[in-house]
Amino acid sequence: EEEASAWISGLKVNCAPDSALPSVAGSPASPGPSSSSGGVGVGGGVHGYFGVPIEKVTPQGAEIPYIVDHAIKVIEEKALQTEGIFRLSGSQTQIDKLKAEFNAGVQVDLKPIADPHTVTGLLKLYFRELPEPLMTYDLYESFVTAQQERDPNKRVRYIRHLISCLPKVNRATLKTLILFLARV
């Protein structure tokens, strides 16, 4: 317990402790950035979607970007049993067309897309083109260090704490993505 508290206190990034974790004495408690700084959605003033910070494309009042929410819903409705859903490629021409529509401010409906691999290809492309990874550059070294912890209970505690340090929209998107991938 003392070792875990020392590790968390030694993080380079200040963040609010995860409410699921016991409070750590001496741990800084300043919250990380959140999407409350006016993130707007597709058609809401942001030019582009791909390559734009996640908090800027998340609509006001929403927890996650439309593209992530909608693509996951479409895949769950139409393609959970599809073989190689993330492994096989969709139509690059159609993915490029969809990307251009999103970047033009269109709130694209992905339900009519016949090939579910195209929808998963678009979702993968969205995450690849984020200017900062979902788990952020600031926390990268800490996530790597946490993963190297041999004690599984400490490792889980460290990772939970680091996830609590993520910006709100990143944390909500990560949660949605992990729950979805667990069902695939």
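What you see is a predicted model, and the numbers here were worked out from it, not measured in a lab.

### Section: the packing of helix α3 (residues 66–78) against helix α5 (residues 116–128)
Contact geometry of α3 with α5 gives a least axis separation of 10 Å together with a crossing angle of 155 degrees. The orientation of α3 with respect to α5, classified from their angle, is roughly antiparallel. α3 and α5 meet at a crossing whose hand is left-handed. In contact with I67, V68, A71, I72, V74 and I75 of α3, α5 contributes V119, T120, L122, L123, Y126 and F127. Across the contact of α3 with α5, the residue classes tally to 11 nonpolar, 1 polar and no charged.

### A word on the confidence of the model for the chain
Model confidence for the chain is summarised by a mean pLDDT of 81, while 74% of its residues fall at 70 or above. Across the chain, the element-wise mean pLDDT spans from 61 in helix α1 (residues 2–9) up to 97 in helix α4 (residues 92–103). Ignoring residues within four places in sequence, the model shows residues 17–45, a span with pLDDT below 50, making 57 contacts including any to other chains.

### Details of the side chain of T136
Within the secondary structure, T136 sits in the loop between α5 and α6 (137–147). Assessed through its relative accessible area of 7%, T136 is described here as buried. Residues within four places of T136 in sequence aside, it is in contact with L166, P167 and N170.

### Focus on the packing of aromatic side chains
Under the definition given, this model contains 8 aromatic pairs. Every member of this aromatic cluster is reached through a ring pair, and the members are Y49, F50, Y66, F102, Y126 and F127.

### Brief notes about the environment of S142
Within the secondary structure, S142 is located in helix α6. Accessibility expressed as a relative area gives 10% for S142, which makes it buried. Counting along the chain gives 20 residues from S142 to L162, while the straight-line C-alpha distance between them is 7.5 Å.

### Looking at the pattern of salt bridges
It is possible for side chains of opposite charge to pair when their charged atoms get near one another. The final tally for this structure, using the stated rule, is 5 salt bridges. Measuring nitrogen to oxygen at the nearest pair gives 3.2 Å for the salt bridge that ties K73 to D69. Of this pair, K73 and D69 both sit in helix α3, 4 residues apart, roughly one helical turn. D69 gets classed as partly exposed once you look at its relative accessible area, which sits at 29%. One salt bridge connects K97 with E101, and the closest N-O pair in it is separated by 2.9 Å. Taken together, the residues span about one helical turn, with K97 and E101 both in helix α4 at a distance of 4 residues.

About the criteria used
- Residues numbered from 1 in each chain as written.
- Predicted model: local features only at pLDDT ≥ 70, side-chain atom pairs only at ≥ 80, totals over all residues.
- Heavy atoms only, no water.
- Axes fitted to C-alpha atoms, helices over the stretch in contact; angles between N-to-C directions.
- Helix = DSSP H or I, 4+ residues; strand = E, 2+ residues; numbered from the N terminus.
- Parallel < 35°, antiparallel > 145°, perpendicular 65-115°, else oblique.
- Left-handed = near helix turned anticlockwise from the far one by under 90°.
- Contact = heavy atoms within 4.5 Å.
- Nonpolar A, V, L, I, M, F, W, Y, C, P; charged D, E, K, R; others polar.
- pLDDT = per-residue confidence, 0-100.
- Buried < 20%, exposed > 50% of the residue type's maximum accessible area, 1.4 Å probe, protein only.
- Phe/Tyr/Trp six-rings, centres within 6.5 Å; stacked < 30°, edge-to-face > 60°.
- Salt bridge = Lys/Arg side-chain N within 4 Å of Asp/Glu carboxyl O.

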